[in-house]
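Structural overview for review
These are the residues of each chain, in order.
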Amino acid sequence: MHFDIFIAGAGPAGLACAGELASEFEVGIAEEHPELGNISCTGVLGIKSLERLGIDYKDSVLSYIKSARLHSNTENLEFSFSKPVAVVVDRAAFDRGLGENALDEGAEILTSTRVVKVERKRKGWKIKLLREGKIEEVEAKVLIGADGFRSEIALSQGLRERWKPAHILSCYQLEVNCSAELTEVYFTHHARNFFAWKVPAGEKCRVGLCSRGTTLSPKSALKKLVSEKGIEGEILAETGDVIPLGIINKTYAESLLIVGEAAGFIKPITGGGVIFGITSGKLAAEVLKDAGNFSEGSLSRYEKLWKKNMGREINFGLHFSKLFHSLTGEELDKIFRTLDKEAVDEIKKNFSFDRHSFLLKVALRHGYRIFRALGTRRSAELLGELRKI
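In short, a report on the structure. Every chain's residues receive numbers from 1 upward, in the order its sequence appears when written. It should be noted that, the model being predicted, local features are given only for residues of pLDDT at least 70 and side-chain atom pairs only at 80 or more, the latter also being counted only at that level, while totals for whole chains, interfaces and linings use all residues. By convention in this description, side-chain values take in all heavy atoms of the structure and omit both hydrogens and water.

**Comments concerning the sheet that holds strand S5 (residues 67-71)**
Should DSSP find at least two bridges between two strands, the strands are taken to pair. Only DSSP runs of H or I with at least four residues qualify as helices, and only runs of E with at least two residues qualify as strands; both kinds are numbered from the N terminus onward. Spatially, the 7 strands line up as an open sheet ordered S6-S5-S13-S14-S15-S12-S16, and their pairing is mixed. At either end of the open sheet lies a strand with only one pairing partner, and these are strand S6 (76-80) and strand S16 (235-244). Neighbour to neighbour, the strand axes of the sheet diverge by 15° on average, direction disregarded. With 3 bridges connecting them, strand S13 (residues 183-186) and strand S14 (residues 196-201) associate as antiparallel partners. Within S14, the position partnered with Tyr-186 by the bridge is Ala-196. For every element, the axis is a line fit to its C-alpha atoms; helices are fit only across the contacting stretch, and the angle between N-to-C directions ranges from 0 to 180 degrees.

Structure, rendered in structure tokens:
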């Protein structure tokens, strides 16, 4: 088989890219699983971002989110909005919707198919596939790596190094037969350098936890948290995952682009990758449709576009997350206890579910009131670090 463009990976980034390209190019997609959909994802997506990207998501919605309660060790803060700011989706249904759009545009999706080797030809690529237990080969003019955290394509082509433990989120999630009225977020020692959550998902809950830079088992930590918080109900499913934090060295080469989680397009503060993944897939498609050729120079525009669109947000998230998690449990308790209504209202006024740099504006404007409980020296230290971001 020969394709103009071949995409390794049928997650949101790869499928969105295919949907944009398939009306103009012969597009093939390899998906290693028998069906589309990442069941390990919590599936919390910002409504404004979905609408801005033109994604038809409503058939996959399990719950709407307009309230959240944040917990420190001994305190909590509740944020409520007049209308929903996010949805919890059935990721299998959500991804199928993206896949159906790609198929309608003319893409070919090869399920139960894994890319095992890629080799450059004079013009394009020779791609070896393991498809339903048999080796096949296809050729393509352009290759797109949408192959996730372990992206062998980016690694084999020298565009990334292996992820270091400090740059990996280790996550575990349970689907529990229980009810929840609002989203709960727990900043707890069980979730080292990150957080845990309980999210309503229709008539069920998704309870999960991520830790960063630790060898502790997230599964064991989550089970302890569930017991500690008194979360009861039959466990219907459980899944683990790893998420990269930080962008790879380079996202393009001659006749090659890297999109989504494979490139490190993750929101560092929350670990979410669907919105930035879809954005990168659409930007990659835009570049390929406009390119007169597929040279490295022509495709370098892709990196310029994603840096303009997402680069500042990801860089901010990395720095802010590091600073936030430098707070001790006692310090976070003090902030939660003394945070006044004006600062809370400012957070709600400027809130963006996917563009977290709004937090910098709020923190700099209200920094004294936010950090005053920590004392003059610690407040000055934190505000000084914020100004460097």
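Following the structure, the description resumes.
**Structural notes on the pairing of strand S7 (residues 86-89)**
Looking along a regular strand, one sees the side chains alternate between the two faces of the sheet. To sort residues, take the accessible area from a 1.4 Å probe on protein chains only and compare it with the maximum for the residue type: under 20% means buried, over 50% means exposed, and anything in between is partly exposed. Burial along S7 is two-sided: Ala-86 and Val-88 and Val-87 and Val-89, pointing in opposite directions, are all buried. One ladder, built from 3 bridges, connects strand S3 (residues 44-46) with S7; its direction is antiparallel. Residue Gly-46 lies in a different strand from S7, and its bridge partner there is Ala-86. Strand direction decides the pairing type here: strand S4 (residues 61-65) and S7, joined by 4 bridges, are antiparallel. Of the residues in S7, the one forming a bridge with Ile-65 is Ala-86.

**Considerations on unusual backbone geometry**
Here Glu-132, not a glycine, exhibits a phi torsion of approximately 50°, which is positive. Mapping Glu-132 onto the fold places it in the loop between strand S10 (124-131) and strand S11 (134-145). Phi is positive for Asn-193, which is not a glycine, with a value near 60°. A relative accessible area of 32% places Asn-193 in the partly exposed class.

**Focus: the packing of helix H1 (residues 12-21) against helix H3 (residues 91-105)**
Here H1 crosses H3 at 25°, and the two axes come no closer than 8 Å. One finds that H1 runs roughly parallel with respect to H3. Seen from above, H1 lies across H3 with left-handed handedness. Contacts between H1 and H3 pair Pro-12, Leu-15, Ala-18 and Gly-19 from the former with Arg-91, Asp-95, Leu-98, Gly-99, Asn-101, Ala-102 and Glu-105 from the latter. Any residue outside Ala, Val, Leu, Ile, Met, Phe, Trp, Tyr, Cys, Pro, Asp, Glu, Lys and Arg is labelled polar, Gly included; the first ten of those are nonpolar and the last four are charged. Grouping the constituent residues of the contact of H1 with H3 by class yields 5 nonpolar, 3 polar and 3 charged. By the definition adopted for this analysis, an angle is roughly parallel if under 35 degrees, roughly antiparallel if over 145, roughly perpendicular if from 65 to 115, and oblique otherwise. Put simply, a crossing is left-handed when the front helix is turned counterclockwise from the back one by less than a right angle, and right-handed when it is turned clockwise. By the convention used here, residues are in contact when the closest approach between their heavy atoms is within 4.5 Å.

**With respect to helix H8 (residues 301-324)**
Helical geometry: 3.6 residues make up each α-helical turn, so side chains three or four residues apart lie on a common side. With 24 residues, H8 ought to run about 34 Å at 1.5 Å a step, and its terminal C-alpha atoms sit 34 Å apart, in line with that. Take the seven residues that end at a residue and the seven that start at it, fit an axis to each, and the angle between those axes is the bend at that residue. A bend of about 55° at Met-310 is the largest found in H8. Of the positions making up H8, those classed as buried are Tyr-302, Glu-303, Trp-306, Met-310, Gly-311, Glu-313, Ile-314, Phe-316, Gly-317, Phe-320, Ser-321 and Leu-323. In this scheme, a helix's expected span is set at 1.5 Å multiplied by one less than its residue total.

**Description of the packing of aromatic side chains**
For Phe, Tyr and Trp, where Trp contributes only its six-membered ring, two rings pair if their centres lie within 6.5 Å, and the inter-plane angle classes them as stacked under 30 degrees, edge-to-face over 60, or tilted in between. Within this structure, the stated rule accounts for 12 aromatic pairs. Aromatic pair Phe-187 and Phe-195: ring centres 6.2 Å apart, planes at 70°, arrangement edge-to-face. Phe-187 sits in the buried class, given a relative accessible area of 17%. Counting every residue linked through ring pairs, the aromatic cluster contains Phe-187, Phe-194, Phe-195, Trp-197, Phe-324 and Phe-336. In this scheme, Lys NZ or Arg CZ marks a charge over a ring once it lies within 6 Å of the ring centre and within 35 degrees of the ring normal. If you follow Lys-250 out to its NZ or CZ, it ends over the ring of Tyr-252, 4.8 Å from the centre.

**Looking at the state of the cysteines**
Criterion for a disulfide: a pair of cysteine sulfur atoms at a distance within 2.5 Å. Within this structure, the stated rule accounts for 1 disulfide. At a sulfur-sulfur separation of 2.1 Å, the disulfide partner of Cys-171 is Cys-210. On the sign convention where negative is left-handed, the bridge of Cys-171 and Cys-210, at about 105° about the S-S bond, is right-handed. Of this pair, Cys-171 sits in strand S12 (residues 168-176) while Cys-210 sits in strand S15 (residues 204-212), and the two are 39 residues apart along the sequence.

**Some details on the sheet that holds S7**
Taken in spatial order, the 3 strands line up as S3-S7-S4 in an open sheet, and their pairing is antiparallel. Only two strands of the sheet have a single partner each, and these edge strands are S3 and S4. Here the average twist between neighbouring strands, direction ignored, is 30°.

**Focus: the environment of Ala-22**
Mapping Ala-22 onto the fold places it in the loop between H1 and strand S2 (27-30). Measuring from C-alpha to C-alpha, the distance between Ala-22 and Ile-347 comes to 41 Å, with 325 residues separating the pair along the chain. The contacts of Ala-22, once residues within four sequence positions are left out, are Val-27, Ala-102, Glu-105, Gly-106 and Ala-107.

**Let's talk about the pairing of S13**
Where burial is concerned, the two faces of S13 agree: the one with Thr-183 and Val-185 and the one with Glu-184 and Tyr-186 are both buried. By the bridge criterion, 4 bridges tie S5 to S13 in an arrangement that is parallel. Following the sheet pairing, His-71 is matched in S13 by Tyr-186.

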